[in-house]
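# Results of the structural survey
Spelled out, the chains give:
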Amino acid sequence: MNIIEKYNRQFEYAGILMTVLIAFQFFRVWQNPIIGDAPKIITMGLLIIFEFIMMHSGLLMSGLPKKVSLYGLIPFYGLFALVFSAIAQDPLVLIIYLIVVFNRMRFAFSEVPKVLKQRSLLKSILVALAYIMLIFPFIFGAGHVPKWGMTLDTLEAIGYPGDSATAGLFLGMPHVVIAFGFTYYCFLAIIEAFSLRPRFGAPFIRYTEK
């Protein structure tokens with residue numbers, strides 16, 4: 001039994017903890033942005049874009065051979081991680097997120113039982129569906145998303161660069177991006193919590209083994 005398999009349960013709990021921490025970061029900024037949070041807001045917006053790219057990582061690495069993952073996908077995703085690291089302005093959010101990404105990719109580094117890979121594959125599918133299903137209501141219903149603490153006066157007071165090119169990235173409504181991030185990571189934490197159940201993915205596993 002290799003280390004990935006032996007401590008899989010611990011990896012799962014760590015993944016939930018990191019996801020909850022990210023969700024809390026989004027919630028705290030959405031509710032009460034303070035002086036110094038402008039870089040954090042920018043980093044969180046980039047994180048949501050980066051997540052669209054990285055959410056496929058677990059899906060692909062669960063289904064592809066280990067050699068393809070190690071020599072193809074990891075360098076590919078690593079390039080995006082380097083770009084994100086260079087642009088991101090808040091190290092705390094970045095560090096937490098990179099731990100989450102590594103946790104998703106752990107099956108690419110070692111041979112593990114097929115059942116674990118199948119469960120990881122199902123979880124990755126559910127994560128991708130959650131992102132896609134949530135993004136459209138937030139885009140088309142942006143005008144109904146509450147600003148909470150992220151009012152124009154507050155954003156101006158904390159130095160958020162709303163009149164710069166960054167405004168285009170957030171469509172002038174950074175609270176929508178932050179609200180989406182909070183909601184998405186809450187759903188992600190719920191999916192990860194359900195994946196701890198012994199029978200998680202049983203119908204899916206039986207179907208894929210046919």
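Residues numbered from 1 in each chain as written. Predicted model: local features only at pLDDT ≥ 70, side-chain atom pairs only at ≥ 80, totals over all residues. Heavy atoms only, no water.

Below, the discussion takes up the packing of helix α2 (residues 8–31) against helix α9 (residues 174–194). Between α2 and α9, whose axes approach to 8 Å, the crossing angle comes to 155°. Regarding the angle of α2 to α9, the classification is roughly antiparallel. α2 and α9 meet at a crossing whose hand is left-handed. Along its contact with α2, which presents G15, I16, T19, V20, I22, A23, F26, F27 and W30, the element α9 presents H175, V177, I178, A179, G181, F182, Y185, C186, L188, A189, E192 and A193. Its residues assigned to classes, the contact of α2 with α9 comprises 16 nonpolar, four polar and one charged. (Axes fitted to C-alpha atoms, helices over the stretch in contact; angles between N-to-C directions. Helix = DSSP H or I, 4+ residues; strand = E, 2+ residues; numbered from the N terminus. Parallel < 35°, antiparallel > 145°, perpendicular 65-115°, else oblique. Left-handed = near helix turned anticlockwise from the far one by under 90°. Contact = heavy atoms within 4.5 Å. Nonpolar A, V, L, I, M, F, W, Y, C, P; charged D, E, K, R; others polar.)

This part takes up the confidence of the model for the chain. Chain-level pLDDT for the chain is 78 on average; 74% of the residues reach the 70-or-more range. In this model residues 164–169 is a low-confidence stretch, pLDDT under 50, and it forms eight contacts with partners more than four residues away in sequence or in other chains. (pLDDT = per-residue confidence, 0-100.)

Once that is clear, we can look at the packing of aromatic side chains. Ring pairs (aromatic) are described by centroid distance and by the angle formed between their planes. In total, this model carries 12 aromatic pairs according to the counting rule given. On the basis of an interplanar angle of 20° and a centroid distance of 4.2 Å, the ring pair of W30 and W148 is categorised as stacked. Taken together, the positions of W30 in helix α2 and W148 in the loop between α6 (114–140) and α7 (152–157) put the pair 118 residues apart, joining distant regions of the chain. On the basis of relative accessible area, W30 is assigned to the buried category, the value being 7%. The exposure class assigned to W148 is partly exposed, which follows from its relative accessible area of 46%. (Phe/Tyr/Trp six-rings, centres within 6.5 Å; stacked < 30°, edge-to-face > 60°. Buried < 20%, exposed > 50% of the residue type's maximum accessible area, 1.4 Å probe, protein only.)

Two side chains bearing opposite charge may form a pair once their charged atoms approach each other closely. Inspection of every chain in the model, using the stated rule, returns two salt bridges. E12 is the salt-bridge partner of K123, the closest N and O atoms lying 2.9 Å from each other. Taken together, the positions of K123 in helix α6 and E12 in helix α2 put the pair 111 residues apart, joining distant regions of the chain. Across the pair, E12 and K123 agree in class, each one buried. Its salt-bridge partner being R28, residue D37 comes within 2.5 Å of it at the nearest N-O pair. (Salt bridge = Lys/Arg side-chain N within 4 Å of Asp/Glu carboxyl O.)

The next thing to look at is a nonpolar patch on the surface. A contiguous nonpolar surface patch, about 450 Å² in accessible area, is contributed by I132, F136, I139 and F140. The residue I139 is located in helix α6 in this model. (Patch = residues over 30% accessible without salt bridge, like charges linked within 9 Å, V, L, I, M, F, W, Y side chains within 5 Å. Areas by Shrake-Rupley, 256 points an atom, 1.4 Å probe, with all protein chains shown as cover.)

As a further point, take α2. A rise of 1.5 Å per residue sets the reference length of α2, with its 24 residues, at 34 Å; its end C-alpha atoms lie 35 Å apart and thus fit the reference within 8%. Within α2, burial applies to N8, E12, G15, I16, M18, T19, I22, A23, Q25, F26, V29 and W30. (Expected span 1.5 Å × (residues − 1).)

In a packed pair of helices, the relevant descriptors are the angle between the two axes and the axis-to-axis distance. Remark: α6 packs on α9, axes separated minimally by 10 Å, with the N-to-C direction vectors making an angle of 155°. Taken as axis vectors, α6 and α9 run roughly antiparallel relative to one another. As α6 runs across α9, the sense of the crossing is right-handed. Touching K123, L126, V127, A130, Y131, L134, I135 and F138 of α6 are V176, A179, F180, T183, Y184, F187, L188, I191 and E192, all from α9. A breakdown of the residues in the contact of α6 with α9 according to their chemical character gives 14 nonpolar, one polar and two charged.

Here the focus is the nonpolar core. F26, I41, Y97, Y184 and Y185 are the most contacted members of the largest nonpolar core, which has 45 residues in total. Elements that contribute at least two residues to this core include exactly α2, α3 (38–63), α4 (66–87), α5 (91–104), α6 and α9. When residues in this core are grouped by element, the largest group, 10 residues, is from α3. (Core = buried A, V, L, I, M, F, W, Y, C linked by side-chain atoms within 4.5 Å.)

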